[in-house]
There are 2 protein chains.
Amino acid sequence: MALSHLLRVTSQHLRIADVGSASPRRILVSVFPLTKPCQGQQKNKSTATKPRSEKGYQGGRSLWSLIAVAGGGIGVYGLWKMREPVLALSEEEDRWGKFREGLPTYSMAEVSKHSDKNSRIWMTYKEGVYDVTDFVEIHPGGERILMAAGGSMDPFWDIYAVHKNPAVLDMMEEYRIGNLQKEDVVQRSDSADPYSKEPVRHPALIAASKKPFNAETSSELLVETFITSNDLFYVRNHMPVPTFEGPDDKYEVMFEVSSEKTLTMADIKKLPKVSVTAAIQCAGNRRSDIAQVKPVKGLSWGVAAIGNAVWSGASLLELMKNLGVTEEFVRQKGIKHVHFEGNDLGPDGTPYGASIPIEFLMNPNSDIILAYEMNGKPLSRDHGYPLRVIIPGVVGARNVKWISRIALSPEEYQGQWQQRDYKGFNPSVDWNNVDFSQSPAIQELPVTSAICIPKENSKVKLKKGAVPVKGYAWSGGGKKIIRVDVSADNGKTWQTATLDHGGLDQPRGRAWAWTLWNIDLEVPKGEKEVEILVKATDDNYNTQPESSANIWNLRGVLSNAYHRVKVTVA
Amino acid sequence: MALSHLLRVTSQHLRIADVGSASPRRILVSVFPLTKPCQGQQKNKSTATKPRSEKGYQGGRSLWSLIAVAGGGIGVYGLWKMREPVLALSEEEDRWGKFREGLPTYSMAEVSKHSDKNSRIWMTYKEGVYDVTDFVEIHPGGERILMAAGGSMDPFWDIYAVHKNPAVLDMMEEYRIGNLQKEDVVQRSDSADPYSKEPVRHPALIAASKKPFNAETSSELLVETFITSNDLFYVRNHMPVPTFEGPDDKYEVMFEVSSEKTLTMADIKKLPKVSVTAAIQCAGNRRSDIAQVKPVKGLSWGVAAIGNAVWSGASLLELMKNLGVTEEFVRQKGIKHVHFEGNDLGPDGTPYGASIPIEFLMNPNSDIILAYEMNGKPLSRDHGYPLRVIIPGVVGARNVKWISRIALSPEEYQGQWQQRDYKGFNPSVDWNNVDFSQSPAIQELPVTSAICIPKENSKVKLKKGAVPVKGYAWSGGGKKIIRVDVSADNGKTWQTATLDHGGLDQPRGRAWAWTLWNIDLEVPKGEKEVEILVKATDDNYNTQPESSANIWNLRGVLSNAYHRVKVTVA
């Protein structure tokens, strides 16, 4: 079955699908490792025969379950022993998708005829009909948009709720071509909210988006301690948080090495428990800075989409060695990448997934672990309970949570978040000329730093002519921070900050933790408005770029220019 | 014997030393590894008993031999089987150090009483007497200056000929306090030039200094080929080039691991010959760019103090394993550093030396080799014949040439070039407040790039509205170049260059070779004066700082800001 056909699994189709006769239609999310053709097909084969009732699937004829079934059952079994979320419409009031005077009216039957480029690609949202043919190529989410071709995009937006912001909705209205006839406007009050089982979060987490939940804490709290509290650690979810109701020992992970093998948490815990203190940072941390140059697509993170924790679990390399993975095996099989998938699923049953180069796994100094503890406590649900992978020095997006599957492959993971997101481009690349295949996936992150105290636009009191300033600095790939320079006069002079010892006392090449720093910054006498600048240098003597303009990229990732904070001196 | 006393080995003392009774007075250059107190003493013990005549030492009572002897014989045996250079005055005319009217006249006996801080530190140069007490602390060469305390600095400057430039000489004259009486002005016409045995160099090498020889080729030649020709590869020498007259198999290197062991080249060649394609770059490459911000001390390199070659030799890790070096051994002995010393010696017998962290050696992916071939040919004398160490991804200064000694140690190498040079500082640190102990030695280098064609101020012809531009990009630590952006409008827009495949096809984390790039750069229509900018990004997504101002440092190292070339469009 051609990929283009696979992609034409629309919500319209889903609504009319016969549950009993669902054929394998899952979106291809990864190249199957070694010898087998396709992971989607593979999973089908091994799972389609299992009776769904065994898995305790809930929600009756909810759209979510229909999607899963139309996906060939993978969505169902992909949940493993996680509780599945169920779908519901949020009842928010908005002005988009409403009936518009003067436009033609179409039936859903007519809309459904427009599901590929030849016939133009139409979609509906609430009462609106849209021709998005010209938008498909530049959709940040890639071809995933085609899931809604010839049908309604509403259910997808309930999951990918990040779309529900005025900028996106305004843009969508530019593609408006008509109104949907009243009797076809879907009444979906019987479906449940897939986000109804989200964990309770600490009120100090400031949400950048609620569905999926993405949040950071305030910058002042962030640098209070070398180790970030579990409750205040930034949360980056791409889908609803999956639910697992123990016992932990029964939690299963599929390993695809030379053959498939399911290991339980009990198996994994048989290995020695090792710990690594590592900062994890979102590729989009400090996006709000880079977005000041010109708009970008993505969550508007401040400086706190980073945290530093002690992660404990089993060495992934040791685990792999037990499964027969040696340097020789890797060479013989032509293995180049390690794939990770989570139990967090999109509406079509596609799991979140990512990969890292095999060199990271095979290097014992990479300190990669399958973690079940964070700061001495079991992982919280938001951080991957019961099991996630920790790849120190590497962008958060590869530290896959709620891990369900680990596979070795000659190919990079083909999913959305590896291929169509989390990549950098030069500032002149925009949505009209971007070619995601031309840029490598972000792995190790560049050197960065931020001022956390004082905050932007705050009033500060001088202490002996100086402003107390605090922040963090970090560099990916195990590089140690060797110096943090701070300026109160736009770089005319630089003062060197005092570095926190937690960050300094790390082995060469394995400096995974961040470095906190502080300084009593002398400010020019008499100045009332002071802009504070910071830049860090790591032990490769790499340092930060000066301004965001020359590192701007359309996704607003890798925002590591000098951090600047304006304050008023009282 | 206290270090301060050791350091009071002045040229005055040397001139009056009784050759027969020379006591060990060598300047401490390295902390002896593992258990022994001092490398200098160690070498004395094993070498002082050997009759000097055996070593075929030449030059009679030349100052060079006197220095070596006063150094306890180390200078002599330190030469191993290399031919020793002999000292002579160059006859250059200059206006400094001449008799000055109106100043008091001193005898050398009076000068010699001023050899420490309590009595003030005096020195002579030709006919001048100088009180340099206040300069000692800020001397770029560190305490080595004290070798001349109470005596003449002339012989040292013959070796460290880098001093002989108007800026240094002018500064010296500021410390002038008197004239030396005529009968004490040394007549040294009987000594020979230590640089008389230098190799013949290719005329395409442009010398930044002749004694010691430091040179680069023209930027256009540099990027003609992925592999730099041996003859055009930049040369960075700190002292005269030592001479070795084979046979190669007899060449000896001292290994200090758990005990001392001398290996010959024949032993080293028993190991499999391995090759690595690696760029080597001087820390001062592009110093001429950073010096435009404000003056720095150091050779004025252009963009060509870098080259890319295939180095072949024995794996140093394999060699070390044969000597019993294991992870366990390293841990038990508390080893943290690997020391390298060369056969190139200063006038006091101190060899060039440096060290790297032990982690580099123990990581098999570091690809460190003891190289005896460069691009398939035996090393040339300028590049370390017969043996040097190649540490890919690491600053040239650690790639020690004419290797004589390799030692493991809990301490970093204590020599000049590890402790008092090749370090970075923030732009506000100057010679008045610099504390070298506060900055780590440069090891892996940051991402950089340069435009080699066209050259600064050249006239270029447009080809279809575009300027053909060529250059190199490289990043230390095995990081691969993933993108090179070029701008003709000061960063308003960026065009992405085409990358050379030699650089792209390198394994992850082991991208030691440089990446050549080229682009037909579209320039703004009608512009006659165009400034071309380049910046590279490596696979950590680290990129270059925009301008030299914020990375300026007093030694002018690590000059990796955007490279800029102004051209006139014809």
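Refer to the structure printed above.
Residues numbered from 1 in each chain as written. Chains lettered and ligands numbered in written order. Predicted model: local features only at pLDDT ≥ 70, side-chain atom pairs only at ≥ 80, totals over all residues. Heavy atoms only, no water.

1. Considering the overall build of chain A
What chain A contains, in helices and strands, is 16 helices and 30 strands. Residues classed as buried in chain A amount to 61% of the 570 residues present. Restricting the contact set of chain A to residue pairs at least 6 apart, pairs at least 24 apart contribute 74%. (Helix = DSSP H or I, 4+ residues; strand = E, 2+ residues; numbered from the N terminus. Buried < 20%, exposed > 50% of the residue type's maximum accessible area, 1.4 Å probe, protein only. Contact = heavy atoms within 4.5 Å.)

2. Examining the relation of the copies chain A and chain B
Note on the identical chains: chain A maps onto chain B by a rotation of 180 degrees and an axial translation of 0.0 Å, with an RMSD of 0.1 Å. What we have between these two chains is a two-fold relation. No C-alpha of chain A lies nearer the rotation axis than that of A:Pro545, which sits 2.2 Å from it. With an isologous cut-off of 70% or more, the 100% of interface residues of chain A that recur at the interface of chain B puts this contact in the isologous class. (Least-squares fit on C-alpha atoms with pLDDT ≥ 70 in both.)

3. Observations concerning helix H9 (residues 166-173) of chain B
For H9(B), the set of buried residues is B:Leu169, B:Met172 and B:Glu173. In a view along the axis of H9(B), the buried residues occupy a sector of 100 degrees, so they form one face of it. (Arc of directions from axis to C-beta.)

4. Details of the sheet that holds strand S28 (residues 515-522) of chain A
Strand-to-strand pairing in sheets goes through backbone hydrogen bonds, with the strands running parallel or antiparallel. All names here are of chain A. Strand order in the open sheet made by the 4 strands is S22-S24-S28-S27, with antiparallel pairing throughout. With partners counted over all chains shown, the strands left at the sheet margins are strand S22 (448-453) and strand S27 (498-499), one partner each. Where strand S24 (residues 466-474) lies against S28, 8 bridges are found, and the strand directions are antiparallel. In the strand pairing of S28, Ala 466 is matched with Glu 522. (Pairing = 2+ DSSP bridges.)

5. Quick look at the interface of chain A and chain B
Contacts between the two partners involve 45 residues from chain A, matched on the other side by 46 residues from chain B. Carbon and sulfur atoms supply 43% of the area that chain A and chain B bury against each other, a total of about 3,400 Å² over both sides. Summed over the shared surface of chain A and chain B, the result is 4 salt bridges. Across the pair A:Lys479 and B:Glu444 runs a salt bridge whose closest N-O atoms are separated by 2.8 Å. Put simply, chain A and chain B have 24 residue pairs in polar contact (both at pLDDT 80 or more) between them. (Buried area = accessible area lost by both parts, 1.4 Å probe. Salt bridge = Lys/Arg side-chain N within 4 Å of Asp/Glu carboxyl O. Polar contact = N/O pair within 3.5 Å; in protein donor to acceptor, adjacent residues only side chain to side chain.)

6. What to know about the pattern of salt bridges
In this structure the tally under the stated criterion is 48 salt bridges over all chains. Close ionic contact of A:Glu110 with A:Lys113 constitutes a salt bridge, the shortest N to O distance being 3.6 Å. We classify A:Glu110 as partly exposed; its relative accessible area is 25%. The class of A:Lys113 is exposed, set by a relative accessible area of 57%. A salt bridge links B:Arg555 to B:Asp421, with the shortest nitrogen-to-oxygen separation between them at 2.7 Å. With B:Arg555 in the loop between strand S29 (529-538) and strand S30 (563-569) and B:Asp421 in the loop between helix H16 (416-419) and strand S22 (448-453), the pair connects residues that are 134 residues apart, well separated along the chain. Here B:Arg555 falls in the buried class, since its relative accessible area comes to 8%.

7. Some thoughts on the pairing of strand S25 (residues 481-487) of chain A
Residue and element names in this part refer to chain A. Within S25, 7 of the 7 residues are buried, leaving the element largely enclosed by the surrounding structure. Relative to strand S29 (residues 529-538), S25 is paired through 6 bridges, and the arrangement is antiparallel. Along S29, the bridge assignment pairs Val 484 with Ala 536. Taken together, the 2 bridges between S25 and strand S26 (residues 495-496) define a ladder with antiparallel strand orientation. Each residue of the ladder has a partner; that of Val 486, found in S26, is Gln 495.

8. Topic: the sheet that holds strand S28 (residues 515-522) of chain B
Residue and element names in this part refer to chain B. Ordered in space as S22-S24-S28-S27, the 4 strands form an open sheet in which the pairing is antiparallel. The open sheet has two free edges, formed respectively by S22 and strand S27 (498-499), since each of these has just one partner strand. As paired strands, S22 and strand S24 (residues 466-474) are joined by 5 bridges and run antiparallel to one another. The partner of Ala 450 across the bridge, within S24, is Tyr 472.

9. Here's the deal with the pairing of S29(B)
All names here are of chain B. Of all 10 residues in S29, 8 are buried; the element is thus mostly enclosed. In the sheet, S29 pairs with S30 via 6 bridges, with the strands oriented antiparallel. Residue pairing in the sheet places Val 534 in a bridge with His 563 of S30.

10. Here's the deal with the packing of aromatic side chains
One pass over the full model with this rule turns up 24 aromatic pairs over all chains. Judged by centre distance (6.0 Å) and plane angle (85 degrees), the rings of B:Tyr234 and B:Trp301 are edge-to-face. With B:Tyr234 in the loop between helix H10 (219-222) and strand S10 (235-236) and B:Trp301 in the loop between helix H12 (287-290) and strand S15 (306-315), this pair connects stretches of sequence that are 67 residues apart. Every member of this aromatic cluster is reached through a ring pair, and the members are A:Phe233, A:Tyr234, A:Trp301 and A:Trp311. Taking NZ or CZ as reference, A:Lys269 lies 4.8 Å from the ring centre of A:Tyr372, over its face. In this structure, B:Lys294 is placed above the aromatic ring of B:Trp552, and the distance from its NZ or CZ to the ring centre is 4.3 Å. (Phe/Tyr/Trp six-rings, centres within 6.5 Å; stacked < 30°, edge-to-face > 60°. Lys NZ or Arg CZ within 6 Å of the ring centre and 35° of its normal.)

11. Some thoughts on the environment of B:Pro347
Note on placement: B:Pro347 falls in the loop between strand S16 (337-345) and strand S17 (351-357). Separated by 153 residues in the primary sequence, B:Pro347 and B:Pro194 have C-alpha atoms spaced 9.2 Å apart.

12. What to know about the side chain of B:Asp344
Residues and elements named next belong to chain B. Secondary-structure assignment places Asp 344 in strand S16. Among buried charged residues, Asp 344 stands out as having no salt bridge; its nearest opposite-charge side chain is Lys 401, 7.0 Å away. With residues near it in sequence (within four places) discarded, Asp 344 still touches Met 239, Pro 240, Pro 242, Thr 350, Pro 351, Tyr 352, Lys 401 and Trp 402. (Lys, Arg positive; Asp, Glu negative; His and termini not counted.)

13. What to know about the environment of B:Cys282
Residue and element names in this part refer to chain B. By the element assignment, Cys 282 lies in the loop between strand S14 (274-281) and H12. Look at Cys 282 and you get buried, because its relative accessible area is 5%. It is 7.6 Å that separates the C-alpha atoms of Cys 282 and Arg 236, two residues lying 46 residues apart in sequence.

14. Some remarks on the environment of A:Asn433
Residue and element names in this part refer to chain A. With respect to the helices, strands and loops of the structure, Asn 433 is situated in the loop between helix H15 (416-419) and S22. Here the alpha-carbon distance between Asn 433 and Glu 137, two residues 296 residues apart in the chain, equals 9.8 Å. From its side chain, Asn 433 meets the backbone nitrogen of Asp 430 in a polar contact 2.7 Å long.

15. With respect to unusual backbone geometry
Omega for the peptide link from A:Tyr385 to A:Pro386 comes to 10 degrees, which places this bond in the cis form. Topologically, A:Pro386 is positioned in the loop between strand S19 (377-378) and strand S20 (388-390). Here the phi dihedral of B:Tyr422 falls at roughly 50 degrees; this positive angle occurs in a residue that is not glycine. Mapping B:Tyr422 onto the fold places it in the loop between H16 and S22.

Function cannot be read off these values alone, since they describe shape.
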